[in-house]
Amino acid sequence: MSSPMFVANASLTPVSVLRQKAKSISKSEGIKLSAALDRTAREEVDQNWDEMVYLSWHLSSSDDSSSVWFSRRNGDRQIHVGAENHLKGDHIKYAHLNHRNSADGRIERFFMTTFKNVGREIAMSEDDLKGIDEKNSLRDRFSILLKKYDDLQETLPITVGPAPAFDFTCRSEEEDYEDFELPEPSDFLKVVVELPEPGKYLEADVPLRAGAEDFRTSVKPMHTHYLYGFRFQKDGSLVMRRAKHDEYTSPKTRMHQAIRMITFLSWTGLQVPVSGGRDNILMDVFDIGDSKLYDHYDVMRDPKSGATVIVNQPYGGHSDINEFGLLNLLKPGTATFQGAPWAALHSGANLLLHTFRNAGADLDVIGRGVMIAARHARGVTVEECDVKARTQPKGANTGTRKKSLISPIENIPFVFEELDISERALLKIKNIPDIETLLKPYQKKKLKTFPSEAPSWAFVDAWQSGGSIHMNELIAAIKKQPYDADLWGMFPVFDISSKLKIELLRRGVAAGEVYLGKMMKEEVGNFWGLLSTRPYMRCMNLLYRELIKSRMTAFAAPIGRKMLKLCPNDNIGIRFSIDDVEKAVNDKDFTEDLACIFEDQDAEDRV
């Protein structure tokens, strides 16, 4: 008898020739049957018996007695199947391979199931199904499943951690993932969110796993979800200025989102890729799973292994996952960790971590970090504070300092008398705010975040849908909200002179700069990526083009260069013309040719 055959018979059948021999030895010598069987095996088979027993399987019942486990004697692998009367061919449709850590090391658990939400669909041949149904004992059926287990190990995506339910139709905010002692933080990061009311702000100290300096070095707020609009200060704090608020999210919500993201990054050790590295890592998304799998996901990197880790946060009612089953949307060679719903970054969602199986990322450790981060974030206190009034030192000049613009528009010439009489009347009678008015302190005090819908949206929608825009309505909207640069950008659609268009667009650029405030200096290089900068950039572009068409390339060139400095990614496309514009500054004929090209382009756009 061969060694493998002996192990199969001894571990999977109740009776064998050798077992009968061992029984007689047990009776005659008064020793335990297990000892007699072990001695018989050594005598009858070979010296590899110890190793074969170590790798053999044994049967045990689960706690609820409704199913059984087949486990290797070394404890590293388990196969979970239904009870004897529930193990038929038509009950084996899906499989689920789970890895979890235990006190004795990592255990691989293999589940056979009939539910697509907890397993991946598997192909069973007719012979396999027939063979299972013809077997009379659970052990005999298992011998067939053992072969299928070996075939499926490399094709099934694995899950990591406690065996998850993958039931996204029901969820509980109060459900505990597991009991564990919350580790103490090594450091804290001060986070500040300025409120719209002058002199008021929100403040919180956020617990970190490592030092605050290490965190500041590894995190780029402008590239990080929920930290967009924040900026590290010289004192080490992370601050969001009031000018960076949008109309959709309250300051309090922005603070809590920032706390969740900071704790998440710190306690998991994950990083958000930037620049070219992000483009490369995004390619991994669809190598890990089908597009139907993802909802509110972030792509991150594990710096220890270099592996891609996708933080996927599907809602409980995610139709595709509920329809196809989670594991059916994952690809072979991948690993997934399911966390408790309350640990998700996105409110009301579930939490899944995906990576490549052999990429080196330890999802057990990262997943535990996710839970720790969520618990720490819950314990952070957010306080509303007032800035103490600052007193002027004796002899200080309390006069008003004239505001100067950063945008290169102050030297663009404008002579009121050169306009025709109707356009002069328009500026005077309608009292359209000029740059001096926009810069006055009393006017700036009226500055507020745009309402839920910026005033310019109605005009843009009307124009794009082929409707008409009335000059009086546009002017009234500007007087109501003079800092919406997109409103000023609507003037070129009217039949007015280029000189008036340039002046009105120049005022629009100034208005946009006042609205952005400190962002003009603090976010150089990030423009257009910040939604609040886009009206300013669009108005600048319109002014740039109007100056070129008016043969004023000497004033257009600095504006083009300024836009490229503010937005090196050049989302508007200035790089395609700036060299020609600078060349045209000292070439009248080329200036004329360039102006004609821009006039033709704008004429085509209008058509």
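Let me sum up the structure you'll find in this document. Keep in mind it's a predicted model, so treat the numbers as computed, not measured. (Residues numbered from 1 in each chain as written. Predicted model: local features only at pLDDT ≥ 70, side-chain atom pairs only at ≥ 80, totals over all residues. Heavy atoms only, no water.)

## Some remarks on the overall build of the protein
The test is simple: Secondary structure elements follow DSSP: runs of H or I of four or more residues count as helices, runs of E of two or more count as strands, with numbering from the N terminus. We call two residues in contact whenever any of their non-hydrogen atoms come within 4.5 Å of each other. Accessible surface area values rest on a Shrake-Rupley calculation with a 1.4 Å probe, where residue burial reflects the displayed protein chains alone.
A tally of regular secondary structure across the protein gives 25 helices and 16 strands. Sequence separation of 24 or more characterises 65% of the internal contacts of the protein that already satisfy a separation of 6 or more. For the protein, the computed accessible surface area is about 31,300 Å², with 49% contributed by carbon and sulfur atoms.

## Things to note about unusual backbone geometry
Here asparagine 431, not a glycine, exhibits a phi torsion of approximately 55 degrees, which is positive. Note on placement: asparagine 431 falls in the loop between α14 (421-429) and α15 (435-439). Phi is positive for arginine 551, close to 65 degrees, though the residue is something other than glycine.

## Comments concerning helix α13 (residues 363-378)
What counts here: For a helix, the expected span equals 1.5 Å multiplied by the residue count minus one. Each residue is placed in one exposure class: buried if its accessible area under a 1.4 Å probe, protein chains only, is under 20% of its type's maximum, exposed if it is over 50%, and partly exposed if it falls in between.
Between its terminal C-alpha atoms α13 stretches 23 Å, which fits the 22 Å expected from 16 residues at 1.5 Å a residue. Buried residues dominate α13, accounting for twelve of its 16 residues. Residues of α13 that are buried: Leu363, Asp364, Ile366, Gly367, Gly369, Val370, Met371, Ile372, Ala373, Ala374, His376 and Ala377.

## Topic: the packing of aromatic side chains
Note the threshold: Two rings belonging to Phe, Tyr or Trp (six-membered ring only in the last case) form a pair when the distance between their centres is within 6.5 Å. Interplanar angles under 30 degrees mark stacking, angles over 60 mark edge-to-face geometry, and anything in between is tilted.
Evaluation of the coordinates by the stated rule reveals four aromatic pairs. Considering the side-chain rings of tyrosine 294 and tyrosine 297, the 5.0 Å spacing of their centres and the 45 degrees angle between planes classify their relative orientation as tilted. Among the residues examined, tyrosine 297 registers a relative accessible area of 34% and is labelled partly exposed. On the numbers, 6.1 Å between centres and 70 degrees between planes, the contact of phenylalanine 527 with tyrosine 536 is edge-to-face. The class for phenylalanine 527 is buried, based on a relative accessible area of 2%. With relative accessibility at 1%, the residue tyrosine 536 sits in the buried group. A connected cluster of aromatic rings, assembled from ring pairs, spans Phe286, Tyr294 and Tyr297.

## Here's the deal with helix α8 (residues 251-268)
With 18 residues, α8 should cover 26 Å at 1.5 Å per step; its first-to-last C-alpha distance of 26 Å lies within 8% of that length. Counting buried positions over the 18 residues of α8 gives 14, a clear majority of the element. Within two residues after α8, glycine 269 carries a phi angle of roughly 80 degrees, on the positive side.

## Points about the sheet that holds strand β11 (residues 238-240)
The criterion, for reference: Any two strands between which DSSP finds at least two bridges are classified as paired. Working convention: axes come from line fits to C-alpha atoms, limited for helices to the stretch in contact. Angles between N-to-C directions cover 0 to 180 degrees.
With mixed pairing, the five strands of this open sheet are ordered in space as β10-β11-β8-β9-β16. The two strands at the open ends of the sheet, each matched to only one other strand, are β10 (230-232) and β16 (383-386). Strand-to-strand twist of the sheet, defined as the mean angle between neighbouring strand axes without regard to direction, takes the value 30 degrees. Across three bridges, strand β8 (residues 187-194) lies against β11 in parallel orientation. Looking at β11, one finds that valine 193 is bridged to methionine 240. Contacts between α8 and the sheet are confined to β8, β9 (200-208), β10 and β11, with β9 contributing the most and set at about 15 degrees to the helix.

## Here's the deal with the nonpolar core
The following threshold applies: For the purposes of this section, nonpolar cores are sets of buried Ala, Val, Leu, Ile, Met, Phe, Trp, Tyr and Cys residues that join through side-chain atoms within 4.5 Å.
Counting 65 residues, the largest nonpolar core has Phe110, Val191, Ile262, Phe264, Leu265, Met300 and Leu353 as the members making the most contacts within it. Ranked by the residues each element gives to this core, the list is headed by α8, at seven residues. What isoleucine 262 contacts, discounting residues up to four positions off in sequence, is Leu189, Val191, Val206, Leu208, Phe215, Leu227 and Leu238. In this structure, Leu419, Leu427, Leu500 and Cys567 belong to the second largest nonpolar core, which totals 62 residues.

## Regarding the packing of α14 against helix α20 (residues 498-516)
The criterion, for reference: By definition in this entry, angles of less than 35 degrees are roughly parallel, angles greater than 145 are roughly antiparallel, angles of 65 to 115 are roughly perpendicular, and the rest are oblique. Amino acids are sorted into nonpolar (Ala, Val, Leu, Ile, Met, Phe, Trp, Tyr, Cys and Pro), charged (Asp, Glu, Lys and Arg) and polar (every other residue, Gly among them).
Between α14 and α20, whose axes approach to 12 Å, the crossing angle comes to 20 degrees. Our classification of the angle between α14 and α20 gives roughly parallel. Taken together, the residues of α20 that come into contact with α14 (itself represented by Glu423, Leu426 and Leu427) are Leu500, Leu504 and Arg507. Counted by class, the contact of α14 with α20 contains four nonpolar, no polar and two charged residues.

## Description of the pairing of strand β13 (residues 308-312)
Regular strands place their side chains on alternate faces of the sheet. The buried fraction of β13 is high, at five of five residues. Going residue by residue along β13, you find Thr308, Ile310 and Asn312 tucked away on one face and Val309 and Val311 tucked away on the opposite face as well. As judged from the four bridges shared by strand β12 (residues 298-301) and β13, these two strands associate in the antiparallel manner. Of the residues in β13, the one forming a bridge with valine 299 is isoleucine 310. Turn length for the β12-β13 hairpin, with the two strands adjacent in sequence and antiparallel, is six residues, and the turn residue glycine 306 shows positive phi of about 80 degrees. Bridge count for β13 against strand β15 (residues 351-356) is three bridges, and the pairing is antiparallel. Within the sheet, the bridge partner assigned to asparagine 312 lies in β15 and is leucine 352.

## Brief notes about the layout of surface pockets
Formally: Using only the protein atoms, space was sampled on a 1 Å grid; points where a 1.4 Å probe fits but cannot get out form cavities, open sets with protein on both sides within 12 Å along at least five of seven lines form pockets, and lining residues are those with an atom within 4 Å of a point. Grid points are joined across faces, edges and corners, and a volume is the space filled by probe spheres set on the points.
Quantified by volume, the second largest pocket comes out at close to 1,300 Å³. Forming the boundary of the second largest pocket are 46 residues, of which Val460, Asp486, Arg534, Pro535 and Arg538 lie nearest the centre. If you list the elements that add at least two residues to the lining of the second largest pocket, you get α8, α17 (455-464), α19 (485-488), α20, α22 (534-549) and α25 (588-606). Sorting elements by how many residues they give to the lining of the second largest pocket places α22 first, with eight residues. Looking at the lining of the second largest pocket residue by residue, the class counts come to 21 nonpolar, nine polar and 16 charged.

Function cannot be inferred from these measures alone, as they are strictly geometric.
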